[in-house]
Amino acid sequence: MTDHRQRPRRRGQGELEAQVLSALAEADGPATAGWVQERLGGDLAYTTVITILTRLLAKGAVTREQAGRSFAWTPTSDQAGLAAGKMRRVLDAENDREAVLASFVTGLGPDDERLLRELLGQPLSEGED
C-alpha cells in the first residue's frame, strides 16, 4: 500500500539563503544559527542552517564572529546583493564580456531595459571609474 501523505515542498538553495538572510536582517545585531533556526519557525534542522550560513560566508554575504563556543552571524549583503554577486561571477568567468553583456541586455523586457538605462544614466559612485 502506498503512503499518499503530502511531503513538505523541498525548498531550493537560493530560497533558503534568502530566508536566512532575511532573518539575519531582522536581528538587532549578530545572531546565532539557533536564533536563525527559531526565527524561521524551527522547521529546518540546525545543521541545515549552519550549512546555509557557511555557504553565505563563502559568497561574502555574511560575516561571523566567535560567540562563546559557536558563532554569531551578520549579513553583509541583502538578497539583491547576493544576486548581483552571482551575475558578476558569471560575467567574470566569460572571455567575451561584451558579447555576454550585449546578449543579456537584448534579452531584457522593455521595463527592465528602461530601468537599466535609468540606472546607467546616474553618475558613478565614489571609487568607480
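Please read these numbers as outputs of a predicted model, since none were measured by experiment.

### Let's talk about the overall build of the protein
Part 1: Each helix and strand counted, the protein has six helices and three strands in total.
Part 2: Helices (α) and strands (β) of the protein occur, in sequence order from the N terminus, as α-β-α-α-β-β-α-α-α.
Part 3: For the protein, with 129 residues in total, the buried portion stands at 19%.
Part 4: Intrachain contacts of the protein at a sequence separation of at least 6 include 43% that bridge at least 24 residues.

### What to know about the pairing of strand β2 (residues 62–67)
Part 1: Bridging between β2 and strand β3 (residues 70–75) involves six bridges; their strand directions are antiparallel. Across the sheet, Thr63 pairs through a bridge with Thr74, a residue of β3.
Part 2: Following β2, the chain reverses through two residues before pairing antiparallel with β3; Gly68 in that reversal takes a positive phi of roughly 70°.

### Describing the pattern of salt bridges
Side chains that carry opposite charge are capable of pairing whenever their charged atoms lie near each other.
Part 1: Per the counting criterion, the structure on display carries five salt bridges.
Part 2: Two residues, Glu17 and Lys59, come together in a salt bridge whose shortest N-O distance is 2.9 Å. With Glu17 in helix α1 (residues 13–26) and Lys59 in the loop between α3 (46–58) and β2, the pair connects residues that are 42 residues apart, well separated along the chain.
Part 3: In this structure Glu17 comes out as buried when scored by relative accessible area, which is 1%.
Part 4: The shortest N-O distance in the salt bridge between Asp92 and Arg97 comes to 2.8 Å.
Part 5: On the accessibility criterion, Asp92 (52% relative accessible area) is exposed.

### Some words on the pairing of β3
Moving residue by residue along a regular strand, the side chains alternate between the two faces of the sheet.
Part 1: Pairing of strand β1 (residues 31–32) with β3, which is carried by two bridges, proceeds in the antiparallel orientation. When the bridges of β3 are listed, Thr32 appears paired with Ala72.

### What about the packing of aromatic side chains?
Part 1: All chains considered together, the criterion is met by one aromatic pair.
Part 2: Above the face of the Phe71 ring, Arg64 is positioned so that its terminal group lies 4.0 Å from the ring centre.

### Description of the sheet that holds β3
Part 1: Spatial strand order, β1-β3-β2: three strands in an open sheet with antiparallel pairing. A single partner strand is all that each edge strand has here, and the edge strands are β1 and β2.
Part 2: Set on the sheet, α3 makes contact with β2 and β3; between it and β2 the angle comes to about 120°.

### A closer look at the confidence of the model for the protein
Part 1: Mean pLDDT over the protein: 85, with 85% of residues reaching 70 or higher.
Part 2: Between the elements of the protein, mean pLDDT differs from a low of 83, seen in helix α4 (residues 79–92), to a high of 96, seen in β1.

### Regarding the environment of Val49
Part 1: Positionally, Val49 belongs in helix α3.
Part 2: With relative accessibility at 0%, the residue Val49 sits in the buried group.
Part 3: Sequence-wise, Val49 and Leu16 are 33 residues apart; in three dimensions their C-alpha atoms are separated by 8.7 Å.
Part 4: Excluding residues within four positions of it along the chain, Val49 makes contact with Ala33, Val36, Gln37 and Leu44.

The rules behind each value
Residues numbered from 1 in each chain as written. Predicted model: local features only at pLDDT ≥ 70, side-chain atom pairs only at ≥ 80, totals over all residues. Heavy atoms only, no water. Helix = DSSP H or I, 4+ residues; strand = E, 2+ residues; numbered from the N terminus. Buried < 20%, exposed > 50% of the residue type's maximum accessible area, 1.4 Å probe, protein only. Contact = heavy atoms within 4.5 Å. Pairing = 2+ DSSP bridges. Salt bridge = Lys/Arg side-chain N within 4 Å of Asp/Glu carboxyl O. Phe/Tyr/Trp six-rings, centres within 6.5 Å; stacked < 30°, edge-to-face > 60°. Lys NZ or Arg CZ within 6 Å of the ring centre and 35° of its normal. Axes fitted to C-alpha atoms, helices over the stretch in contact; angles between N-to-C directions. pLDDT = per-residue confidence, 0-100.

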